[in-house]
Protein chains: 2
Amino acid sequence: MLQKKKNAVLVDGVILNGPIMDSKAGEKFVEEACKIIMEEVIRKADDVTEKVCEWRAPEALKQILDLEMRDTGESHQKLLQLCRDVIQYSVKTSHPRFFNQLYAGIDYSSLVARFITEALNPSVYTYEVSPVFLLVEEAVIKKMIEFIGWEEGDGIFNPGGSVSNMYAMNLARYKFCPEIKEKGLSGLPRLVLFTSEECHYSMKKAASFLGIGTENVYFIKTDERMAANMVVKCGRLRNENQCIKRDVKYSGSAPFLVCATAGTTVLGAFDPLDKIADICEKHGLWLHVDGLLKKCYSAKAAYLFQQDKFYDVSYDTGDKSIQCSRRPDAFKFWLMWKALGTTGLEERVNRALALARYLVEEIKKREGFQLILEPEYANVCFWYIPPSLRQMEDGPEFWQKLHQIAPIIKERMMKKGSMMLGYQPHQGKVNFFRQVVISPQVSREDMDFLLDEIELLAKDL
Amino acid sequence: MLQKKKNAVLVDGVILNGPIMDSKAGEKFVEEACKIIMEEVIRKADDVTEKVCEWRAPEALKQILDLEMRDTGESHQKLLQLCRDVIQYSVKTSHPRFFNQLYAGIDYSSLVARFITEALNPSVYTYEVSPVFLLVEEAVIKKMIEFIGWEEGDGIFNPGGSVSNMYAMNLARYKFCPEIKEKGLSGLPRLVLFTSEECHYSMKKAASFLGIGTENVYFIKTDERMAANMVVKCGRLRNENQCIKRDVKYSGSAPFLVCATAGTTVLGAFDPLDKIADICEKHGLWLHVDGLLKKCYSAKAAYLFQQDKFYDVSYDTGDKSIQCSRRPDAFKFWLMWKALGTTGLEERVNRALALARYLVEEIKKREGFQLILEPEYANVCFWYIPPSLRQMEDGPEFWQKLHQIAPIIKERMMKKGSMMLGYQPHQGKVNFFRQVVISPQVSREDMDFLLDEIELLAKDL
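Structure report, in brief. (Residues numbered from 1 in each chain as written. Chains lettered and ligands numbered in written order. Predicted model: local features only at pLDDT ≥ 70, side-chain atom pairs only at ≥ 80, totals over all residues. Heavy atoms only, no water.)

Of the residues lining the interface, 157 residues belong to chain B; the matching set on chain A comes to 156 residues. Interface area for chain B against chain A, summed over the two sides, is near 13700 Å², with a carbon-plus-sulfur share of 63%. In terms of surface lost to chain A, no three residues of chain B exceed Met69(B), Phe209(B) and Lys338(B), which account for 7% of the buried area on that side. For the pair chain B and chain A, the number of links is 16 salt bridges. (Contact = heavy atoms within 4.5 Å. Buried area = accessible area lost by both parts, 1.4 Å probe. Salt bridge = Lys/Arg side-chain N within 4 Å of Asp/Glu carboxyl O.)

Structure representation (structure tokens):
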């Protein structure tokens, strides 16, 4: 099996001497690709004359992209062309007029941190393999805890808000009954949790995934404005809770958690945290707040109100994460914080809120635009009523027609590539646009453009 | 609240005109950081004269790094220095002599794909925002399914193996009893699953997280060699299963899943998949295989044996992922596959296996080195018995002393920075080293170095 020929070592016909990769060619390839990334993505990030998207239907895009993986590899030239194609037909989420999602814009220091992460390719599990990133994560978590005003706490960065909510539910369950870890839920009373009907959809997913069951998520009604009405919500929570307390005696259900929301996904509404916290304290319920800090800083930490030091008892196999390998996501946040300072981060939030208020005032001034509600946060939700509907009587026909308007405008803006803005029906309201100011690149001119462009795209409707 | 002064728009004292970021300075910062990444990480990736790590104890490293986040931001020059420091004190996982983990090396095309991903910052949830990456993921999944020889199948890329195992458990549970999604596990028979005692530790985590309970994970014993002994294992599984079938009648437990392992973490052993599959088929148990393709290709897809089209019934809220935002991890795998071709990927696997065999033969030839077992895969596990222990009699004192050797050698190699190699005690065996050949940069010379260096570091022991 093993043969030596002079210096060459062959095992099963494979030459084992020296590397099989041409590292010089590889480095050159990376350099050329970086030039393309620089020119086509980074330098164009603030250029509003560029398209936000170059829209193609799936089948058409498949024809353009050479997706097939073959037996033999492609040349660097071909690969660089593929990179160009990938960039060309991808949505430019850093474009100042990408308003489609709850992420947008470019932050140069965060981007550099992510490039470093990809180049170093670490996994954050032991100090031995990830010394710098573990210390960075510790420093960021410590600073965030200090920032909220807590005296103690702990946390980790994880792959997103949905996973954070799962952690929260798991921790609350552990606190309620530590034995569940070993014994499972079988044979236990039915665990139930409370959240608002405006909560993130991941709450139901989490309840399903954790074996709690979606039917055991009790949704508290919000008020008519669909925003968090303190009195109504707390009243409901209190009533429901008392019902459940009685329920436990007879049907064996067990309330263990309240998930409050600080900044709902669509409307940006805030639950009355202080009042909910009082109720939770009184009834011994764990309180999880989804959002806190998160949206302000575009970071994604699992944040939980501490009622005692829950990490003194290690809740799992001794480590905090459900993942084994984990990226150092704290690092990009850290470098951004270093670059901007707390003041700079604060300015970004203030400017986003001010821009949202500016947009609200403009919407009020313009014919055809109708605000859904006064925003609590940076989410501005509104209908655009096109010329042909403005004289129509209020009634089912009007709402049915209005429901179709946002999708038409959206299709037109996508095909033109001028901007991307999300819409959705929500809680009985027909399709409306949602603009959330997030990107620090966005300015007053972009807010004006947003409204002008909707008018332009819908002028014949 | 709203004031207009000529063209400047002020809301609450915030000027809203124009961007607040200096994009030219930002671009220059990114360019300079890219130069550092190129020089300090990428160009040094194949240079064995560089250190694998520049080890500092936590407190010493905290003194060196300026971790504090202040009120005011830092200059670009300061940030670039921070980037240099982060790189300097981070472990070089792409170094040819980083053998510490189940990832290693650098792949230039995968790295370029990840840089593009970071620059474009997409999230893979709708075609609208992520057209290219959704098509790429579809193409890769399709190709992988074809490659295994299945006629149908589905899957997603997710943040790692632990999360993949959770998905598998959740799907098996859904198949066993779809109502669990809504009703939860409360009131149901105790669900139990079978796996090998050599399985990845995430199985227990998953059982805990999903509310199944760690006690309901039934570990099948492996044979004396700690590798998968087909007859013993299958026999055990069959016996345990029959026990459980009887158990169901009396105590209400319900077996729903077998998790087999294709390439265990420490020893690289393979469970007898065909035989286990037969047992599962006979008893109507869901079979999940942890590993399959995963380790060969450094990709992380959730792979499940299909017994019917489980995605016809959407198992959750209609989407496949427990996450909302999700990175296009398929893209880096796709670009690597494009660059290498199937043949190139195959060559990498063959070379890794040949290098592992070469290392085994060298271990057998050298005095003081002792193989734990003949490897089934690319994992080579061995003890190094230093000069002072070679004449000792076999007995508790010998093993106790040998147990302390690997940590001493490890400490010395870390402080010298010459290589990084993992060790662990395992199934009653005292600390031994585990070398897994993964990186395509690794050559025969590195295997020789590994053994020479251990001898050198331990010559006085």
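Moving on from the model shown.
The next point concerns the nonpolar core. Counting residues in each nonpolar core, the largest one holds 106 residues, and the members touching the most others are Ile42(A), Phe115(A), Trp334(A), Phe115(B) and Trp334(B). Filtering out sequence-adjacent residues up to four positions away, Trp334(A) remains in contact with Val136(A), Val140(A), Asp66(B), Leu67(B), Met69(B), Leu82(B) and Val86(B). Grouped together as the second largest cluster of nonpolar side chains are 52 residues, Trp286(A), Phe209(B), Ile212(B) and Phe256(B) included. (Core = buried A, V, L, I, M, F, W, Y, C linked by side-chain atoms within 4.5 Å. Buried < 20%, exposed > 50% of the residue type's maximum accessible area, 1.4 Å probe, protein only.)

Glancing now at the packing of aromatic side chains. Note on aromatic pairs: each is described by the distance of the centres and the angle between the planes. Residues and elements named next belong to chain B. Across all of its chains, the model carries 34 aromatic pairs over all chains by this definition. Aromatic pair Phe333 and Trp337: ring centres 5.4 Å apart, planes at 45°, arrangement tilted. Of the two residues, Phe333 and Trp337 are both situated in helix 12 (residues 329-365); the distance of 4 residues between them amounts to about one turn of the helix. The interplanar angle of 85° and the centroid separation of 6.5 Å between the aromatic rings of Tyr423 and Phe433 together place this pair among those described as edge-to-face. Linking Tyr423 in strand 11 (residues 420-426) with Phe433 in strand 12 (residues 429-436), this pair joins segments that are 10 residues apart in sequence. Owing to a relative accessible area of 30%, Tyr423 belongs among the partly exposed residues under this scheme. (Phe/Tyr/Trp six-rings, centres within 6.5 Å; stacked < 30°, edge-to-face > 60°. Helix = DSSP H or I, 4+ residues; strand = E, 2+ residues; numbered from the N terminus.)

Our focus in this paragraph is the relation of the copies chain B and chain A. Each copy superposes on the other: chain B lies on chain A with an RMSD of 0.0 Å after a rotation of 180° and an axial shift of 0.0 Å. Accordingly, the operation relating the two chain copies is best matched by a two-fold axis. Taking the C-alpha atom as reference, chain B places Leu210(B) closest to the rotation axis, 2.0 Å from it. Most of the interface of chain B is mirrored in chain A: 99% of its interface residues are interface residues there too. (Least-squares fit on C-alpha atoms with pLDDT ≥ 70 in both.)

Once that is clear, we can look at the side chain of Gln424(B). Residue and element names in this part refer to chain B. Note on placement: Gln424 falls in strand 11. Here Gln424 falls in the buried class, since its relative accessible area comes to 15%. Beyond its immediate stretch of four places on either side in the chain, Gln424 contacts Val266, Val430, Asn431, Phe432 and Arg434.

With the rule as written, the count across this model stands at 68 salt bridges over all chains. Residue Asp66(A) is joined to Lys338(B) by a salt bridge in which the shortest nitrogen-to-oxygen separation is 3.2 Å. Pair noted here: Asp66(A) is in the loop between helix 2 (58-64) and helix 3 (76-89) and Lys338(B) is in helix 12, and the two residues belong to different chains. You'll find Asp66(A) and Lys338(B) in the same group, each marked buried. A salt bridge links Glu374(A) to Lys364(A); the shortest N-O distance between them is 2.5 Å.

The next point concerns the pairing of strand 5 (residues 190-196) of chain B. All names here are of chain B. Most of strand 5 sits out of view: 6 of its 7 residues are buried. Pairing of strand 5 with strand 7 (residues 253-261), which is carried by 6 bridges, proceeds in the parallel orientation. Along strand 7, the bridge assignment pairs Val192 with Pro255. With 4 bridges joining them, strand 5 and strand 6 (residues 217-220) adopt parallel strand pairing. When the bridges of strand 6 are listed, Thr195 appears paired with Phe219. The parallel pair strand 5 and strand 6 is bridged by helix 8 (residues 202-209), and the resulting crossover is right-handed. (Pairing = 2+ DSSP bridges. Right-handed = clockwise from strand over helix to strand, strands pointing away.)

This paragraph deals with the sheet that holds strand 8 (residues 286-290) of chain B. Residue and element names in this part refer to chain B. With parallel pairing, 4 strands are arranged side by side in an open sheet as 6-5-7-8. Each edge of the open sheet carries a strand with a single partner, namely strand 6 and strand 8. Across the sheet, the mean angle from the axis of one strand to that of its neighbour is 25°, orientation sign disregarded. Most of the contacts of helix 8 go to strand 6, to which it runs at about 160°, and overall it touches strand 5, strand 6, strand 7 and strand 8. Against the sheet, helix 10 (residues 273-283) touches strand 7 and strand 8, its axis set at about 160° to strand 8. (Axes fitted to C-alpha atoms, helices over the stretch in contact; angles between N-to-C directions.)

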